[in-house]
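These are the residues of each chain, in order.
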Amino acid sequence: MGQSCVRPLRFLHLRSANTRRFSAAATELSILCSQGYVKEAFNKFSFLIWDNPSHFSYLLQACIQEKSFSLTKQLHSLIITSGCFRDKFVSNHLLNAYSKLGQLDTAVSLFDKLPKRNVMSFNILIGGYVQIGDLDSASKVFDEMGERNLASWNAMITGLTQFEFNERALSLFSQMYGLGYLPDAFTLGSVLRGCAGLKDLNKGRQVHGCGLKLGLEGDFVVASSLAHMYMRSGSLREGEIVIMSMPDQTMAAWNTLIAGRAQNGCFEGALELYNLVKIAGFRPDKITFVSVISSCSELATIGQGQQIHSDVIKTGAISVVAVVSSLISMYSKCGCLDEAEKIFEEREEADIVLWSAMISAYGFHGMGKNAVELFHRMEQEGLAPNHITLLSLLYACSHSGMKDEGLEFFDLMVEKYNVEPQLVHYTCVVDLLGRAGCLQEAEALIRSMPVKPDGVIWKTLLSACKIHKNADMARSIAEEVLRIDPEDSASYVLLANVQASAKRWKSVSEVRKSMKDRGVKKEPGISWLELKNQVHHFIIGDKSHPQSDEVDVYLKELIAQLKLEGYVPDTGSVLHDMELEEKEYNLVHHSEKLAIAFALMNTPEGFPIRIMKNLRICGDCHMAIKYISQMKKREIIVRDSSRFHHFKDGCCSCGDYW
C-alpha cells in the first residue's frame with residue numbers, strides 16, 4: 001500500500017521539476033533573443049523550440065530587432081521543414097517579421113500561401129502596407145476581411161491620419177462607431193490627431209464627448225491628443241484646461257502646452273512656461289527646445305535664445321539635428337548670422353533639413369551668393385535637395401537680385417532634381433522677376449502655371465508694381481488679389497501706396513473708401529527690440545511706453561540733425577493728401593524710427609541695435625536709418641516681414657534692393 005502511494009508522488013515531483021526546467025529555459029531563450037543572440041539562442045534551446053514551436057516567436061522578434069532579413073529567411077526554412085508552418089501563431093509571427101523588415105512582397109506571397117488565416121494575419125498585412133504608405137492596398141485588404149477586431153480599425157484609422165488623409169480617417173471612425181465597435185485610447189488619439197490636422201474644432205469636441213462617455217478622458221494619450229487638437233484648432237484655452245486637469249504633469253504634457261502656445265503665436269507665453277518647467281524640476285528635452293527656440297526666433301529675443309542655447313549644451317541635446325537646425329534659424333532671425341554659421345560648421349552631423357536651414361539663413365540676410373555656394377557644397381556631399389531646399393535657394397536668389405541664377409535653378413527643379421514645383425516656388429519666381437522689373441513676364445508666368453494662383457502670388461506681383469511705380473498694372477493686379485481675398489488689408493495699402501506715389505489722390509481716396517465700406521482696417525506697423533531680457537514695443541500714435549514722451553523729443557532732435565546731413569523725408573509715400581508738415585510728422589513717427597530712437601537713448605555708444613518689424617520697412621525709414629547708422633556710428637540691424645537689413649556706415653546690406 002505504501003508503494004502505491006509513493007509512485008504517484010514521485011511522478012508529480014518529476015513533472016513539476018521538468019516544468020520548472022522548461023520555464024527557466026524559456027526565460028533564458030527570451031533574454032538571449034532580446035540581446036540579439038539569435039543563433040546562440042536557437043543552438044542552445046532547439047529542444048525547447050521543437051517541443052513547443054510557439055517559441056519561434058522569440059527568435060522572429062529578435063530578427064525584427066536586429067533588422068536581419070537573412071536570419072528571418074533561415075528561420076522560415078526551418079519552420080517549413082519542421083511542419084510548424086501550419087501553426088497560426090508561428091506563421092503570423094513570420095508574416096509580421098517580413099512585414100516589419102520592409103519585405104512586403106515576401107509578406108504578401110506568404111500571406112497568400114497561409115493554410116490558416118485569422119484576423120491577426122489580415123491586421124499584420126494592413127500594418128505592412130501602412131508602413132510603406134500604400135493606403136490603397138491597405139484599404140483593399142481591410143475591405144476583404146470577413147471578420148474585424150478593434151486592432152483592424154485602429155490600423156486603418158492610424159494609417160490614414162499618419163499620411164494626413166484626415167477626412168477619410170474621421171469617416172472610417174464614424175463607420176466603426178456605428179457598427180458598435182467601442183474605441184479605445186489608441187483609436188481616440190488617432191482620430192483627435194485627424195481633427196487637429198483638419199483644424200476642425202466641432203468634430204474634435206464630438207470626439208472629446210465620446211471619450212468622456214467611455215471614461216477615457218484621463219488616459220494620457222487621449223488627454224495629450226485632446227490638448228493638441230484644441231490648440232492646433234486655435235482654442236488655446238481649452239487645450240490648456242485639458243493639460244492642467246491631467247492627474248500627472250509629465251514633460252510630454254508640458255511639451256504639448258509649450259508647442260500649443262508657440263503654434264498659436266503666443267511666443268512669450270511659451271517662453272514663460274519653459275521657465276516654469278525648469279523651476280518645477282522637469283528636464284527639457286529636444287521637443288521642448290525646438291518649440292522654445294522657434295519662439296525666440298519669432299520674437300528675435302537673442303538674450304533668451306542664448307540662455308536656451310546654454311541649456312541645450314548642458315542637457316546634451318546639441319547633437320540632435322532638429323535642435324541644431326532650430327538654433328541656426330534662431331540666430332539667423334535674431335540678426336546673428338555669424339553665430340548661425342559657427343553652429344552649422346561645428347555640427348556633428350547634418351541632414352537635408354540642416355543644410356536647408358543655413359541656405360535659408362543666407363537668403364534671409366540677402367546673401368544669395370553664399371546660399372548658392374553652400375548649395376553646391378551640399379551637392380558635393382551627395383545630398384539631394386528637396387522642395388524646401390530649392391525654395392530657400394530661390395528665395396535667396398530673389399532677395400539678392402540674382403535673376404538668371406534663380407531662373408536656372410527653377411528650370412532644373414524637375415529636369416535635374418526631380419522636384420515638382422509647388423505654388424510657393426512659383427511665387428518665389430514671380431518675386432524674382434518682379435523685383436528685376438520684368439512685370440509682364442511675371443504676370444504671364446502666373447497665368448500659365450499649372451497650379452491655381454492664390455492671393456499671395458498676386459500680392460507678390462502687386463508689391464513689385466509698387467517698387468517700380470507701375471500704377472496702371474497695380475490696379476488690375478489688385479483686382480485679382482481682392483477677388484480671392486476681399487478682406488486683405490495689405491493689398492489695399494499696397495495699391496494706395498502706388499497711387500499715392502503717382503499723386504493720383506482721387507484713386508487713393510477710392511481705395512480708402514473701399515476699405516471703409518468693407519470694414520477693412522490697415523494692420524498697424526509694430527516694431528520691437530529686446531533690452532536686458534525685456535521686449536519693448538512701439539506703434540505710431542501709441543503713448544503707452546513709459547518713455548514715449550522722451551522718445552518723441554529725442555526723435556525730433558535726431559531728424560533735425562539728419563536733415564543737416566542731407567536727409568530729405570520721402571513724403572511722396574504717405575497715403576494722405578495732406579499738408580507737408582503733417583506728412584513729415586507721420587513719417588517721423590513710424591514704429592521703427594521710434595524703436596531706434598529708444599535704443600540710441602538706452603544703449604552704450606557703438607552697441608549694435610537690433611529692431612524687428614511686422615511689416616516691410618518703408619523707403620523713407622530705409623533712407624533715414626542709413627543716415628542714422630553713419631551719423632551715430634552704429635550698426636543697425638532691422639528684420640522686417642521679408643528680410644534682414646544690415647545698416648552700417650550709411651549703407652545697407654540689401655543694396656537698396658528689397
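Taking an unreviewed UniProt entry as the reference, the chain is identified by name as DYW domain-containing protein belonging to Solanum stoloniferum. We quote the UniProt Sequence similarities (unreviewed entry) comment for the chain here in full: "Belongs to the PPR family. PCMP-H subfamily."

Visitor: Give me unusual backbone geometry: which residues, what numbers.
Guide: Trans is the common state for peptide bonds, and a negative phi is the common state for residues other than glycine. One non-glycine residue, K199, adopts positive backbone phi at about 55 degrees. Inspection of the secondary structure assignment puts K199 in the loop between α11 (185-198) and α12 (201-213). Phi angles above zero are rare outside glycine, and D649 is one such case at about 50 degrees. You can call D649 exposed: its relative accessible area is 54%.

Visitor: Mind laying out the pattern of salt bridges, listing which residues take part and the relevant values?
Guide: Under the criterion given, the structure shown has 16 salt bridges. Notably, a salt bridge pairs R261 with E240, separated by 2.6 Å at the nearest N-O pair. Note that R261 is positioned in helix α15 (residues 251-263) and E240 in helix α14 (residues 236-244), a separation of 21 residues in sequence. No difference in accessibility class separates R261 from E240, as the two residues are buried. With its nearest N and O atoms 3.8 Å apart, the salt bridge here joins K403 to D404. Given a relative accessible area of 25%, K403 falls into the partly exposed group. With a relative accessible area of 54%, D404 lands in the exposed category. Counted as one network, the salt bridges with shared partners bring together E443, R447, E480 and R483.

Visitor: Requested: an account of the pairing of strand β1 (residues 526-531), with residues and values cited.
Guide: For β1, the tally of buried residues reaches five of six residues, placing the bulk of the element in the interior. Strand direction decides the pairing type here: β1 and strand β2 (residues 534-539), joined by six bridges, are antiparallel. The residue of β2 that forms the bridge with I526 is I539. With antiparallel pairing between neighbouring strands as the criterion, β1 and β2 make up a hairpin whose turn holds two residues, including K532 at a positive phi of roughly 50 degrees. Both β1 and strand β3 (residues 609-613) contribute to a ladder of two bridges, which runs antiparallel. For S527, the partnering residue across the bridge sits in β3 and is K613.

Visitor: Tell me about the nonpolar core, and please be specific about residues and values.
Guide: The biggest cluster of nonpolar side chains holds 156 residues, and the ones touching the most others in it are F289, I308, I328, M358 and L461. The element that contributes the greatest number of residues to this core is helix α21 (residues 352-364), accounting for eight residues. Setting aside residues up to four positions removed in sequence, M358 forms contacts with I328, L337, A340, E341, F344 and L374.

Visitor: Explain empty space enclosed by the protein residue by residue, including any values.
Guide: Gaps between atoms show up when a probe of the same size as a water molecule is rolled over them. Summed over the entire model, instances satisfying the criterion amount to one cavity of 30 Å³ or more. Put simply, the largest cavity is a space of about 40 Å³. Residue lining of the largest cavity: I318, S319, V320, V321, V324, R347, E348, E349 and L354, and that is the complete set. In the lining of the largest cavity, the residues fall into five nonpolar, one polar and three charged.

Visitor: Lay out the sheet that holds strand β5 (residues 644-648) in plain terms, naming residues and giving numbers.
Guide: Pairing is mixed in the open sheet, where six strands are placed in the order β2-β1-β3-β4-β5-β6. The sheet is open, and its two edges are formed by β2 and β6 (651-652), each paired on a single side. Looking at chain direction, strand β4 (residues 636-639) and β5 are connected through four bridges and run antiparallel. Its bridge partner lying in β5, V638 is registered against H645.

Visitor: For the packing of aromatic side chains, give the residues involved together with the corresponding values.
Guide: In the structure shown here, the tally under the stated rule is 13 aromatic pairs. Taken together, a centroid distance of 5.3 Å and an interplanar angle of 45 degrees make the contact between F538 and F598 tilted. With F538 in strand β2 and F598 in helix α33 (residues 591-602), the pair connects residues that are 60 residues apart, well separated along the chain. One exposure class covers both F538 and F598, and it is buried. Of the aromatic side chains, those joined through ring pairs into one cluster are F142, W153 and Y181. Across the ring face of W153, the terminal group of R148 is positioned such that the distance to the ring centre comes to 5.2 Å. Over the ring of F165 we find R168; its NZ or CZ atom is 5.4 Å from the centre of that ring.

Visitor: Please provide a residue-by-residue account of the environment of L327, values included.
Guide: On the secondary structure map, L327 appears in helix α19 (residues 321-333). As for L327 and I293, which are separated by 34 residues in sequence, their C-alpha atoms are 6.6 Å apart. What L327 contacts, discounting residues up to four positions off in sequence, is I293, H309, V312, I318 and I343.

Visitor: Can you tell me about the UniProt feature "repeat: PPR" (unreviewed entry) in the chain, naming the residues and giving the values?
Guide: UniProt annotation of "repeat: PPR" (unreviewed entry) refers to residues 87-117, 118-152, 250-284 and 351-385 when read in the numbering used here. Split by type, residues 87-117 is 74% helix and 0% strand. Its first and last C-alpha atoms lie 10 Å apart. In the segment residues 351-385, helix accounts for 74% and strand for 0%; the C-alpha atoms at its two ends are 10 Å apart.

Visitor: So what's going on with the packing of α15 against helix α16 (residues 267-279)? Which residues, and what values?
Guide: The geometry of α15 relative to α16 is characterised by a closest axis approach of 7 Å and an angle of 160 degrees between their N-to-C directions. Between α15 and α16, the crossing angle belongs to the class labelled roughly antiparallel. The handedness of the crossing between α15 and α16 is left-handed. Taken together, the residues of α16 that come into contact with α15 (itself represented by M251, W254, L257, I258, R261 and A262) are F267, G269, A270, L273, Y274 and V277. Looking at the contact of α15 with α16 residue by residue, the classes come out as 10 nonpolar, one polar and one charged.

Thresholds, definitions, all that
- Residues numbered from 1 in each chain as written.
- Predicted model: local features only at pLDDT ≥ 70, side-chain atom pairs only at ≥ 80, totals over all residues.
- Heavy atoms only, no water.
- UniProt positions renumbered as here; feature names shortened; annotations may be inferred.
- Helix = DSSP H or I, 4+ residues; strand = E, 2+ residues; numbered from the N terminus.
- Buried < 20%, exposed > 50% of the residue type's maximum accessible area, 1.4 Å probe, protein only.
- Salt bridge = Lys/Arg side-chain N within 4 Å of Asp/Glu carboxyl O.
- Pairing = 2+ DSSP bridges.
- Core = buried A, V, L, I, M, F, W, Y, C linked by side-chain atoms within 4.5 Å.
- Contact = heavy atoms within 4.5 Å.
- 1 Å grid on protein atoms, 1.4 Å probe; cavity = no way out; pocket = protein on both sides within 12 Å on 5 of 7 lines; lining within 4 Å.
- Points joined across faces, edges and corners; volume = space filled by probe spheres on them.
- Nonpolar A, V, L, I, M, F, W, Y, C, P; charged D, E, K, R; others polar.
- Phe/Tyr/Trp six-rings, centres within 6.5 Å; stacked < 30°, edge-to-face > 60°.
- Lys NZ or Arg CZ within 6 Å of the ring centre and 35° of its normal.
- Axes fitted to C-alpha atoms, helices over the stretch in contact; angles between N-to-C directions.
- Parallel < 35°, antiparallel > 145°, perpendicular 65-115°, else oblique.
- Left-handed = near helix turned anticlockwise from the far one by under 90°.

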